[in-house]
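Residue strings, one per chain:
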Amino acid sequence: MEKLNIVDGRAYPFGMKNVDTDIVIPAHWLKTISRAGLGKGAFEVLRKEPGNVFDDPDYAGSPILIAGDNFGCGSSREHAAWALADLGIKVVIAPSFSDIFSGNAFKNGILTVVLPQEAIDRLMEVARTDPIHVDLEHQTVTTQFQDRFQFEIDPFRKRCLLGGLDEIGLTLGQADAIGAFEAKDAGTRPWLVPAVA
Amino acid sequence: MVKPRTLYEKIWDAHVVERRPDGTCLIYIDRHLVHEVTSPQAFEGLRIAGRKVRRPELTLAVPDHNLPTTARRDAAGRRIPIADPESAQQLAALERNAPEFGVRLIGDADPEQGIVHVVGPEQGFTLPGTTLVCGDSHTSSHGALGALAFGIGTSEVEHVLATQTLLLKQSKTMEVVVEGELGYGVTPKDVALAICGRIGTAGGTGYVMEYRGSVFRDMSIEGRLTVANMSIEAGARSGLFAPDEKTFAYLEGRPMAPRGAEWDAAVAYWKTLATDEGAVFDKSVVIDAADIVPSVTWGTSPEDVVPVTGVVPDPESFADASKRAAAQKSLDYMGLSAGQRMEDVAIEHVFIGSCTNSRIEDLRAAAGLLKGRRIASGIKHAMVVPGSGLVKRQAEAEGLDRIFTEAGFEWREPGCSACLGMNPDKVPAGERCASTSNRNFMGRQGPGSRTHLVSPVMAAAAAITGHLTDVRELMGEKRGEAVA
């Protein structure tokens, strides 16, 4: 995973509420067996609408997406995170996220920042003309107009993003603890291994 | 004295491999279901890193999402090729990956094949008190049997394959209590829709739900699977039912369930899992069963629920500005206008199927209404897609397939079908479907498709009349009886 700390750049002033992962990436894009190339399908339905932010050349290649409440609800498809990553998005800022989406985003090096609606409204306004500055180390979102919003983040996620750490590799380092759990469990729940069908 | 715990807390505590100082826990995963869409990149990741599946016997692979629901083998038993090369490629990848990593595969033409969330319980792979994951958000279904079951992304699929664990933070707990008796024509699907309507699609975010109260205690396992399935539509990754005698009766003798002395030991353990007297939930939602009626969605979110006897709401009636804008956008997409009576909405397609409503009880209920009736002339396409090969065979043994086909429905092979637009079963742009599935998102059933979520009997009623219909009108002679 790529390391992430400072993200500085324009932001898509998207703002839509309850964006489900079918909107982020429609199902027919899910037939790939690779992680790459899904940016083309990102927000496909919305991109048919004239004046949408994703096709506005002003925002092309923006590393930040500003969204509304409950972003990423619905399906567990990680393709939503892959599509955003492929689009070049490194940070999504919203008042709230679905649990599954924020986990998927994090595992693909995308930072999800939760800020109150007032902050989102202000950032939407700034994003139309000016860049936004995200600092993971100090957990801040700032603008050149003296706006400064502090955000919370899970310390483990922060460490992984800053260090670009591979979570599977980290867990495999705990193989002894997992083995000990399994040994104990085989005694207390012997029925766990499925009967052979 | 030991602190009273909820069902969720008991399952969580029993699966902690390691607790970190920040509260994150490494949680052991007992059961992993894998399908063709969210697993190829996970197996590829293992291959690249030179890793193997830690416990292949705890994993079960079943293709379901993009399989066509037409015949899969010709008369000579040869595979009928899948026309879409990308779907064929995903299926081929699963058929290659499962044996390579030692995982059991229930293949596309095996009699047990079906939607993973139908197959897991049916095979007794899903067990109470287990942790169960799958790269699919409707994994919440398995909570019906008292499994802590939730959807995960592909990176997590890979993590579970490699380590049989996940790094998780404990969720908050929410009890959803429905007391009383369900009215005439009111089904578990209506209960699920009522919950979505009440708390909204983000209402359960960060929570694990537990369904409590007399309505859920009295509900069949099939009904509980429908309700638990839609926990995620109310934002909760997981929704639990305490295992009880119905659960044990359902599981006993299933092919992958424990047997003999192990069965007895398992049941004794499962009986200890129910939420303790005095345990505290972080949030409580109470709904009176008498307030739940046959329901239908009007918009593009499962929370957009109204009684079938109601009208399309006016976007201006919503309190906050973004909700008003969202409602207007939904109505534009759905081709509906404020104040329109739901029962006046004409339907062109009917879909009975999906992991929400494709089990034998669902098919029996719909067939019960359709017996001796025909679909309306305005219906372009009506289809029943059983949740699994076993459901299909059971239905055929009961003669349900003939009731459906005589009514004008197509009778298909099992799979996810028209619940999501990634196999040939799609609703054309601008056309309207009464669907027993779980999501009415924009484009969900195909680009431009318009979905109204309903129960199986309500779907059957819409098929008969050609428009959204209060099923109670068609059940006159059975007035007073609840529908299963």
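Here is what the cut-offs are and how they apply
Residues numbered from 1 in each chain as written. Chains lettered and ligands numbered in written order. Predicted model: local features only at pLDDT ≥ 70, side-chain atom pairs only at ≥ 80, totals over all residues. Heavy atoms only, no water. UniProt positions renumbered as here; feature names shortened; annotations may be inferred. Core = buried A, V, L, I, M, F, W, Y, C linked by side-chain atoms within 4.5 Å. Buried < 20%, exposed > 50% of the residue type's maximum accessible area, 1.4 Å probe, protein only. Helix = DSSP H or I, 4+ residues; strand = E, 2+ residues; numbered from the N terminus. Domains from an automatic or database assignment. Contact = heavy atoms within 4.5 Å. 1 Å grid on protein atoms, 1.4 Å probe; cavity = no way out; pocket = protein on both sides within 12 Å on 5 of 7 lines; lining within 4 Å. Points joined across faces, edges and corners; volume = space filled by probe spheres on them. Nonpolar A, V, L, I, M, F, W, Y, C, P; charged D, E, K, R; others polar. Buried area = accessible area lost by both parts, 1.4 Å probe. Salt bridge = Lys/Arg side-chain N within 4 Å of Asp/Glu carboxyl O. Polar contact = N/O pair within 3.5 Å; in protein donor to acceptor, adjacent residues only side chain to side chain. Phe/Tyr/Trp six-rings, centres within 6.5 Å; stacked < 30°, edge-to-face > 60°. Lys NZ or Arg CZ within 6 Å of the ring centre and 35° of its normal. Axes fitted to C-alpha atoms, helices over the stretch in contact; angles between N-to-C directions. Parallel < 35°, antiparallel > 145°, perpendicular 65-115°, else oblique. Left-handed = near helix turned anticlockwise from the far one by under 90°.

Chain B is annotated in an unreviewed UniProt entry as 3-isopropylmalate dehydratase large subunit of Sphingobium fuliginis ATCC 27551. Recorded in UniProt for chain B, the comment headed Sequence similarities (unreviewed entry) runs: "Belongs to the aconitase/IPM isomerase family. LeuC type 1 subfamily." What the UniProt record of chain B gives under Subunit (unreviewed entry) is the line "Heterodimer of LeuC and LeuD."

For chain A, an unreviewed UniProt entry supplies the name 3-isopropylmalate dehydratase small subunit and the organism Sphingobium fuliginis. Chain A has a UniProt comment under Subunit (unreviewed entry) that states "Heterodimer of LeuC and LeuD."

Colleague: Explain the nonpolar core to me, using residue names and the numbers behind them.
Modeller: Ranked by size, the top nonpolar core spans 90 residues in total, and within it Phe14, Phe43, Leu65, Phe71 and Leu84 of chain A together with Phe404 and Phe409 of chain B carry the most contacts. When residues of this core are assigned to their parent elements, the largest contribution, eight residues, is made by helix α15 (residues 456-465) of chain B. Looking at this core, you find at least three residues from each of domain 1 (7-169) and domain 2 (295-474) of chain B. With near-sequence residues (within four places) excluded, Phe43 of chain A lies in contact with Phe14, Val19, Ile23, Val24, Phe54, Leu65, Phe71, Leu84 and Leu87 of chain A. Membership of the second largest hydrophobic core comes to 75 residues, among which are Leu46, Phe101, Leu273 and Ile287 of chain B.

Colleague: Quick rundown of empty space enclosed by the protein? Include the residues and the values.
Modeller: All names here are of chain B. Under the defined criterion, the tally for this structure stands at four cavities of 30 Å³ or more. Counted as a void, the largest cavity has a volume near 200 Å³. For the largest cavity, the lining is made up of 23 residues, of which His65, Asp136, His138, Leu420 and Arg444 are closest to its centre. Here the residues of the lining of the largest cavity are counted per class, giving seven nonpolar, eleven polar and five charged. The residues that make up the lining of the largest cavity include at least three from each of domain 1 (7-169) and domain 2 (295-474).

Colleague: Please set out the interface of chain B and chain A residue by residue, giving values where relevant.
Modeller: The extent of an interface is frequently quoted as the accessible surface area lost upon association of the parts. Taken together, the contacts link 79 residues of chain B with 55 residues of chain A. For the pair chain B and chain A, the summed buried area comes to about 5500 Å², and 58% of that belongs to carbon and sulfur atoms. Sorting the residues of chain B by area buried against chain A places Gln41, Arg51 and Ser155 of chain B first, and these three jointly supply 10% of that buried surface. Counting across the chain B and chain A interface gives ten salt bridges. Across the pair Asp154 of chain A and Lys169 of chain B runs a salt bridge whose closest N-O atoms are separated by 2.2 Å. Scanning the region where chain B abuts chain A turns up 29 residue pairs in polar contact (both at pLDDT 80 or more). Listed by contribution, the elements that provide at least two residues to the side of chain B that touches chain A are β1 (16-19), β2 (25-28), α2 (40-49), α3 (85-100), α5 (154-163), β8 (165-168), α10 (260-270) and α11 (321-334) of chain B. If one sorts the elements of the side of chain B that touches chain A by residue count, α5 of chain B sits on top with seven residues.

Colleague: Explain the UniProt feature "binding site: [4Fe-4S] cluster" (unreviewed entry) in chain B residue by residue, including any values.
Modeller: Residues and elements named next belong to chain B. The UniProt feature table records "binding site: [4Fe-4S] cluster" (unreviewed entry) at Cys355, Cys416 and Cys419. Taken together, the annotated residues stretch across 65 residues yet fold into one region, lying no more than 8.7 Å apart by C-alpha. Of the annotated positions named here, the largest cavity is lined by Cys355, Cys416 and Cys419. By the element assignment, Cys355 lies in the loop between β15 (349-352) and α12 (360-370). Residue class for Cys355 comes out buried when judged on its relative accessible area of 7%. With residues near it in sequence (within four places) discarded, Cys355 still touches Ile115, His117, His138, Asn229 and Asn438. Each residue touching Cys416, except ones within four places of it in the same chain, is listed here: Asp64, His65, Ile115, Phe351 and Asn423.

Colleague: Tell me about the pattern of salt bridges, and please be specific about residues and values.
Modeller: Evaluation of the coordinates by the stated rule reveals 43 salt bridges over all chains. Arg439 of chain B is paired through a salt bridge with Glu233 of chain B; the nearest N and O atoms lie 3.0 Å apart. Within this pair, whereas Arg439 of chain B is found in the loop between β18 (432-435) and β19 (450-453), its partner Glu233 of chain B is found in the loop between α8 (221-229) and β11 (238-240), the two being separated by 206 residues in sequence. According to the relative accessible area criterion, Arg439 of chain B is buried, its value standing at 1%. Glu233 of chain B gets classed as buried once you look at its relative accessible area, which sits at 2%. Of the charged contacts, one joins Glu431 of chain B and Lys380 of chain B as a salt bridge, the two residues approaching to 2.8 Å between their closest N and O atoms. Of the two residues, Glu431 of chain B sits in the loop between β17 (410-411) and β18 while Lys380 of chain B sits in the loop between α12 and β16 (381-384), which places them 51 residues apart along the sequence. Judged by relative accessible area, Lys380 of chain B falls into the exposed class, the value being 55%. What you see here is one network of salt bridges that share partners, running through Lys107 and Glu167 of chain A together with Glu156 and Arg237 of chain B.

Colleague: Pulling in residues and values, what's your account of the packing of aromatic side chains?
Modeller: Here the structure, examined in full by the defined rule, presents 20 aromatic pairs over all chains. When the centroid spacing of 6.2 Å and the interplanar angle of 80° are considered together, the rings of Phe71 of chain A and Phe97 of chain A count as edge-to-face. Note that Phe71 of chain A is positioned in the loop between β3 (64-66) and α2 (79-86) and Phe97 of chain A in the loop between β4 (91-94) and α3 (99-107), a separation of 26 residues in sequence. With respect to class, Phe71 of chain A is no different from Phe97 of chain A; both count as buried. Connected via pairs of aromatic rings, a cluster forms that spans Tyr12, Phe14, Phe43, Phe54 and Tyr59 of chain A. Directly above the aromatic system of Tyr250 of chain B lies the positively charged group of Arg254 of chain B, at a separation of 3.9 Å from the ring centroid.

Colleague: Residue-level account of the packing of helix α6 (residues 188-199) of chain B against α8 of chain B, with values.
Modeller: Axis angle and axis distance: for two packed helices, these are the angle between their axes and the distance between the axes, and together they describe the pair. Residue and element names in this part refer to chain B. Where α6 meets α8, the axes come as close as 8 Å, and the angle between the chain directions of the two elements is 25°. Here α6 lies roughly parallel to α8, going by the angle between them. In this structure, α6 meets α8 at a crossing whose hand is right-handed. Two secondary-structure elements touch here, α6 through Pro188, Lys189 and Ala192 and α8 through Gly223, Thr226 and Val227. Its residues placed into classes, the contact of α6 with α8 shows three nonpolar, two polar and one charged.

Colleague: Account for the packing of α2 of chain A against α3 of chain A, naming residues and giving values.
Modeller: All names here are of chain A. Relative orientation of the contacting elements α2 and α3 amounts to 45°, with a least axis distance of 8 Å. Viewed along their axes, α2 and α3 adopt a mutual orientation that is oblique. Of the two possible hands of crossing, α2 and α3 adopt the one that is right-handed. Listed contacts from α3 to Ala80, Ala81 and Leu84 of α2 are Phe101, Asn104 and Ala105. The residue makeup of the contact of α2 with α3, split by class, is five nonpolar, one polar and no charged.

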